[in-house]
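# Architecture and fold: a report
Take a look at the letters that make up each chain.
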Amino acid sequence: MPRLPYDEKAAVWDLIGYKPTGDNILQAHISQAPHMIGLGGEGGGKSYAGAMELLPHTLLPPFLRDGKPITRLYWIVAPEYELARPEFEYLLDALNSIGAVVSHSFPTE
């Protein structure tokens, strides 16, 4: 997925009050690198920043292929389900705060 320019992401973040904290997170959001790996200790903000990076992309409209609308599909992956859950929850909270969720469900495991 090509990454959106920082200004476009920041316009979405303004809707939910997200401001990147720290130079490393800001530089990760500014970067146009096709792949990123977040490194840091527990509680360093990797999950939250990752969810916020994805948020503006989830709000893009479907695109057309052969005249048919194609909805984008995004994956949040980790070695175990519980390790990816924070990103899902941060993203869900942000989408809920702007009224972009009709319903949702999470598996327990």
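You'll find the structure just up there.
These figures come from a predicted structure and were not determined experimentally.

### Quick look at the side chain of E53
Residue placement: E53 occurs in helix α3 (residues 46–58). Engagement of the side chain of E53 in a polar contact is seen with the side chain of K9, the distance being 2.7 Å. With residues near it in sequence (within four places) discarded, E53 still touches R3, K9, W13 and H29.

### Digging into α3
Between the first and last C-alpha of α3 there are 18 Å, a value that for 13 residues agrees with the 18 Å anticipated at 1.5 Å per step. Contact partners of the buried residues in α3: α1 (6–16), α2 (23–30) and α4 (81–97).

### Some remarks on the layout of surface pockets
Of the voids in this model, the largest pocket is the one considered here, and its volume is about 1,200 Å³. Surrounding the largest pocket, 33 residues form its lining, M36, I37, G38, K46 and G50 being those nearest its centre. Residue assignment for the lining of the largest pocket shows that the elements contributing at least two residues are α2, α3 and α4. Class assignment for the residues of the lining of the largest pocket results in 19 nonpolar, 10 polar and 4 charged. The calculated volume of the second largest pocket comes to roughly 390 Å³. In terms of lining residues, the second largest pocket is bounded by 19 residues, among which F88, L91, L92, L95 and H104 are the most central. Secondary-structure elements contributing two or more residues to the lining of the second largest pocket are α3 and α4. Partitioned by chemical class, the residues of the lining of the second largest pocket number 14 nonpolar, 4 polar and 1 charged.

### Structural notes on the environment of K68
Locating K68 in the fold gives a position in strand β2 (residues 68–70). For the pair K68 and A10, spaced 58 residues apart in the sequence, the C-alpha separation amounts to 30 Å.

### Side note on the nonpolar core
If you look at the biggest cluster of nonpolar residues, it comprises 15 residues, and the most contacted ones within it are W13, Y18, M52, L55, I76 and L91. Within the residue set of this core, elements represented by two or more residues are α1, α3 and α4. Per-element tally for this core: the top contributor is α3, with 5 residues. The contact partners of Y18, leaving out residues within four places of it in the chain, are W13, I25, H29, Y48, A49 and M52.

### A few points about the packing of aromatic side chains
Applying the stated criterion across every chain, the model contains 5 aromatic pairs. For the pair Y6 and W13, a centre-to-centre distance of 5.7 Å together with 70 degrees between the ring planes defines the contact as edge-to-face. On the accessibility criterion, Y6 (24% relative accessible area) is partly exposed. Aromatic side chains F88 and F106 sit 6.3 Å apart centroid to centroid with 70 degrees between the ring planes, which places their arrangement in the edge-to-face category. Here F88 is found in helix α4, whereas its partner F106 is found in the segment after α4, with 18 residues between them in sequence. Judged by relative accessible area, which is 29%, F88 ranks as partly exposed. On the basis of relative accessible area, F106 is assigned to the partly exposed category, the value being 27%. An aromatic cluster of three or more residues is present, and its members are Y6, W13, Y18, Y48 and Y90. Taking NZ or CZ as reference, R85 lies 4.5 Å from the ring centre of F106, over its face.

About the criteria used
- Residues numbered from 1 in each chain as written.
- Predicted model: local features only at pLDDT ≥ 70, side-chain atom pairs only at ≥ 80, totals over all residues.
- Heavy atoms only, no water.
- Helix = DSSP H or I, 4+ residues; strand = E, 2+ residues; numbered from the N terminus.
- Polar contact = N/O pair within 3.5 Å; in protein donor to acceptor, adjacent residues only side chain to side chain.
- Contact = heavy atoms within 4.5 Å.
- Expected span 1.5 Å × (residues − 1).
- 1 Å grid on protein atoms, 1.4 Å probe; cavity = no way out; pocket = protein on both sides within 12 Å on 5 of 7 lines; lining within 4 Å.
- Points joined across faces, edges and corners; volume = space filled by probe spheres on them.
- Nonpolar A, V, L, I, M, F, W, Y, C, P; charged D, E, K, R; others polar.
- Core = buried A, V, L, I, M, F, W, Y, C linked by side-chain atoms within 4.5 Å.
- Buried < 20%, exposed > 50% of the residue type's maximum accessible area, 1.4 Å probe, protein only.
- Phe/Tyr/Trp six-rings, centres within 6.5 Å; stacked < 30°, edge-to-face > 60°.
- Lys NZ or Arg CZ within 6 Å of the ring centre and 35° of its normal.

These results come straight from atomic positions and should not be treated as a statement about function.
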